[in-house]
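Structural characterization, general
For reference, the chains in residue letters:
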Amino acid sequence: MANVRLNENEEVVKMIQAGLKERGGYCPCRIEKTEENKCMCKEFKDQIADPEFEGYCHCMLYYKEM
């Protein structure tokens, strides 16, 4: 099972969480407010499901470890 954690940089986490709050839970790094862009976004959920993927989500809030 994948281990997902917050970015270790607290300033990045604060900035992204503030953006999420301001945008009603939608990724502050995406223009469109669609269900696919609601945090945790579809793109990152798909990356979590990929056993070969390790890295950050698009906005750098979360990191998936192997």
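Computed from a prediction, not measured in an experiment: that's the story for all the values here. (Residues numbered from 1 in each chain as written. Predicted model: local features only at pLDDT ≥ 70, side-chain atom pairs only at ≥ 80, totals over all residues. Heavy atoms only, no water.)

1. Structural notes on the sheet that holds strand β2 (residues 55-56)
- Spatial strand order, β1-β3-β2: three strands in an open sheet with antiparallel pairing. In this open sheet, the two edge strands, each paired with only one partner strand, are β1 (3-6) and β2.
- Here β1 pairs with strand β3 (residues 62-65) via four bridges, running antiparallel. In the sheet register, N3 faces β3, and the bridge partner there is E65. (Pairing = 2+ DSSP bridges. Helix = DSSP H or I, 4+ residues; strand = E, 2+ residues; numbered from the N terminus.)

2. Some details on the packing of aromatic side chains
- With the rule as written, the count across this model stands at three aromatic pairs.
- Each ring, one from F44 and one from F53, has its centre 6.5 Å from the other, and the planes form 80°; the classification is edge-to-face. For the pair shown, F44 and F53 are each scored as buried.
- With centroids separated by 4.7 Å and ring planes inclined at 70°, the aromatic side chains of Y56 and Y63 adopt a geometry described as edge-to-face.
- Here Y56 falls in the partly exposed class, since its relative accessible area comes to 26%.
- Since its relative accessible area comes to 16%, Y63 is described here as buried.
- Taken together, F44, F53 and Y62 form an aromatic cluster joined through their ring pairs.
- The lysine or arginine in question, K38, covers the ring of Y26, its NZ or CZ lying 4.6 Å from the ring centre. (Phe/Tyr/Trp six-rings, centres within 6.5 Å; stacked < 30°, edge-to-face > 60°. Buried < 20%, exposed > 50% of the residue type's maximum accessible area, 1.4 Å probe, protein only. Lys NZ or Arg CZ within 6 Å of the ring centre and 35° of its normal.)

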